[in-house]
Amino acid sequence: MSVETQKETLGFQTEVKQLLHLMIHSLYSNKEIFLRELISNASDAVDKLRFEALAKPELLEGGAELKIRVSFDKDAKTVTLEDNGIGMSREDAVTHLGTIAKSGTADFMKHLSGDQKKDSHLIGQFGVGFYSAFIVADKVDVFSRRAGLAASEGVHWSSKGEGEFEIATVEKADRGTRIVLHLKSGEDEFADGWRLRNIIKKYSDHIALPIELPKEVAAVEGEEKPAVEWETVNRASALWTRPRTEVKDEEYQEFYKHVAHDFENPLSWSHNKVEGKLEYTSLLYVPTRAPFDLYQREAPKGLKLYVQRVFVMDQAESFLPLYLRFIKGVVDSNDLSLNVSREILQKDPIIDSMKSALTKRVLDMLEKLAKNEPEQYKGFWKNFGQVMKEGPAEDFANKEKIAGLLRFASTQGDDGEQVVGLADYLARAKEGQDKIYYLTGETYAQVKNSPHLEVFRKKGIEVLLLTDRIDEWLMSYLNDFDGKSFVDVARGDLDLGNLDSEEDKKAAEEVAKSKEGLVERLKTALGESVAEVRVSHRLTDSPAILAIGEQDLGLQMRQILEASGQKVPDSKPIFEFNPAHPLIEKLDNEQSDERFGDLSHILFDQAALAAGDSLKDPAAYVRRLNKLLVELSV
Ligand code: ADP
Ligand code: MG
């Protein structure tokens, strides 16, 4: 080995230490995946070299076929991987193999409970990567040289995976990376040609470049050991270029783990070749689980872009709208230029038409999943529903399609699970029902018991219950679905249309007439607190309710705006009372103006509380209520 200079010992970033610990203790039943991860990295490194060499052919340093070699030494108990990809400089090695650059990592790590069972599935959300080498090795040596640097600028990184690593500058004749795993005692089964070959076939067959193993040559006694011959053990062609019918599910799944840097199988995928005016192939995946950084603004998103099978960029964001940012995969275009940049992608009209076609593919894939695998779709919705709800606002053209994919809780369920699609809702709607009714609020418990639902319960009409923070905002972009308009049941003068019989309507009008006096008295008593007072036909059990004006902001939107420090336009609620309620009858008969005033304010405040709002003057409410309680107990 050549001389090492500038040797130093550095500590891993805290998050790396935690990840290492978690990985070593939670992946022991799935050890062999270390090879998949290291091969995946080598393949990425070759992709990068191929791309950079387009502009700088000298990086290829006189050529050599791009490949990965895996070898082993039974006696020394080592497994070695070598690639002639882009390689790493000393600085690269320190950052890439000593820190985790993903934003939000520290936050994510805080969620670790210390309970290995619970934490082990978190690793799936994180991806395993290079550090998985320490599942089987108690020491890892990495020798690397970045393409384009001098042979004297190689780097030797070495670690036992216990908190620190050593780094030194060494001579390395060939560009690329060699990783030597010193197997832990008990893990020597991996220093075996058959074992390695099987693992490579199982997990890495889809890798587009040759992965070579030394050929098993039987030693002939008395003869000199022959020079090592290498043989390719994988298929070594880009998976997406193969016809769909020839690719097995397992191959699609392993390829996904490589492109998505994910640990789990995908939920679904769609592989398509487009020919005609534009020519491209796409392979799009829906992950099973949301990555931990789905809501981080800087989190990686987008597709892996290839141009005529040459890797061009990771995270090409221009091919899908933001609300589909969880989709992973590859797009390989024949029309783009190899030196296409992110800036060009943003402006290129070719990309626009690809984007709308790819968006449609994803939505179709989700529709199919919802239809054929409803249980899986439930899981999808749990993970990605919130993001899908951004869709109608962002993607006007596909609004109806996206709306069809949305899932809500409703009065038909009893656990608040979001499982009701709009098509299901309409399919079981009451005869004559031409509206989609919904109610928004803070929590499921609160909306489930809202007085606004009383009349719907009585008539057996289903109401969607929307309690995600984004819901009210979402509904401001949805006007109708399948020709039926949405109606917020807490808003305006609820008109049940055909669902109210002529007799009902007539009776309601008569009651309203007979209560005109009470309405006037209430208006005077409540004064500035209300926009209007009227007889309600929403109530069966509660005495009173507050409705929101047709054009006013709902409670949720108001709270969001207030929390973000924005000025919220003042709006007053409509006070509706239930003429049949004994408290209202009592109120109507109340002679004392003072008691009338107290009681109406109490009813008003109670209605605000039932709607999940807070009271403007809680002390006044308590005072009034106590006053009545004292009188009651006399
Ligand atoms: P990921 O592959 O998701 O980026 P990894 O933990 O697998 O995460 O790898 C970390 C980083 O280390 C890679 O992004 C890359 O920059 C660097 N790296 C790992 N293996 C190689 C290699 N064989 N050649 C060049 N760089 C590598
Ligand atoms: Mg990796």
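Refer to the structure presented above.
The structure displayed is predicted, hence computed values, not measured ones.

Conventions used here
Residues numbered from 1 in each chain as written. Chains lettered and ligands numbered in written order. Predicted model: local features only at pLDDT ≥ 70, side-chain atom pairs only at ≥ 80, totals over all residues. Heavy atoms only, no water. Helix = DSSP H or I, 4+ residues; strand = E, 2+ residues; numbered from the N terminus. Rg over C-alpha atoms; globule rule 2.2 N^0.38 Å. Buried < 20%, exposed > 50% of the residue type's maximum accessible area, 1.4 Å probe, protein only. Contact = heavy atoms within 4.5 Å. Areas by Shrake-Rupley, 256 points an atom, 1.4 Å probe, with all protein chains shown as cover. 1 Å grid on protein atoms, 1.4 Å probe; cavity = no way out; pocket = protein on both sides within 12 Å on 5 of 7 lines; lining within 4 Å. Points joined across faces, edges and corners; volume = space filled by probe spheres on them. Near = heavy atom within 4 Å. Polar contact = N/O pair within 3.5 Å; in protein donor to acceptor, adjacent residues only side chain to side chain. Nonpolar A, V, L, I, M, F, W, Y, C, P; charged D, E, K, R; others polar. Salt bridge = Lys/Arg side-chain N within 4 Å of Asp/Glu carboxyl O.

Q: Would you mind showing me how to read the overall build of the protein here?
A: For the protein, the helix and strand inventory stands at 23 helices and 22 strands. The C-alpha atoms of the protein give a radius of gyration of 33 Å, which is well past the 26 Å a tight globule of 634 residues would have. With respect to the principal axes defined by its C-alpha atoms, the protein has extents near 120 × 60 × 40 Å. Out of the 634 residues belonging to the protein, those deemed buried represent 50%. For the protein, the proportion of contacts with a sequence separation of at least 24, taken over those separated by at least 6, is 73%. As displayed, the protein has an accessible area near 31,100 Å², and 49% of this comes from carbon and sulfur atoms.

Q: So what exactly am I meant to see when it comes to empty space enclosed by the protein here?
A: If you roll a probe as big as a water molecule over the atoms, it shows you where there is empty space left. The final tally for this structure, using the stated rule, is 2 cavities of 30 Å³ or more. Reported here for the largest cavity is a volume of approximately 80 Å³. The wall of the largest cavity is formed by Pro 291, Asp 293, Leu 294, Gln 296, Ala 299, Pro 300, Lys 301, Arg 325, Phe 326 and Lys 328. Within this model, the second largest cavity holds a volume of roughly 30 Å³.

Q: Got a minute to help me understand the site of ligand 1 in this structure?
A: In the vicinity of ligand 1, the residues found are Asn 41, Ala 42, Ala 45, Asp 83, Met 88, His 96, Leu 97, Gly 129, Phe 130, Thr 177 and His 261. Here an oxygen atom of ligand 1 sits 2.9 Å away from a polar atom, N or O, in the main chain of Phe 130. At 2.6 Å, a side-chain N or O of His 261 approaches an oxygen atom of ligand 1. When isolated, ligand 1 has an accessible area of 530 Å², and the protein chains bury 80% of it. With 3 residues, helix 2 (residues 33-55) is the largest single contributor of residues to the shell around ligand 1. Residue classes in the shell around ligand 1 are distributed as 5 nonpolar, 5 polar and 1 charged.

Q: Got a minute to help me understand the pattern of salt bridges in this structure?
A: Any two side chains of opposite charge can pair, given that their charged atoms come close. The full count for this structure, using the stated rule, is 50 salt bridges. Lys 202 serves as the salt-bridge partner of Glu 32, at 2.8 Å between the closest nitrogen and oxygen. Of the two residues, Glu 32 sits in the loop between helix 1 (14-26) and helix 2 while Lys 202 sits in helix 7 (residues 193-204), which places them 170 residues apart along the sequence. Taking the relative accessible area as the measure of exposure, Glu 32 reaches 13% and is therefore buried. In this structure, Glu 254 engages Lys 257 in a salt bridge whose closest nitrogen and oxygen atoms are separated by 3.2 Å. Of this pair, Glu 254 and Lys 257 are both found in helix 8 (residues 249-260), 3 residues apart, which corresponds to roughly one turn of the helix.

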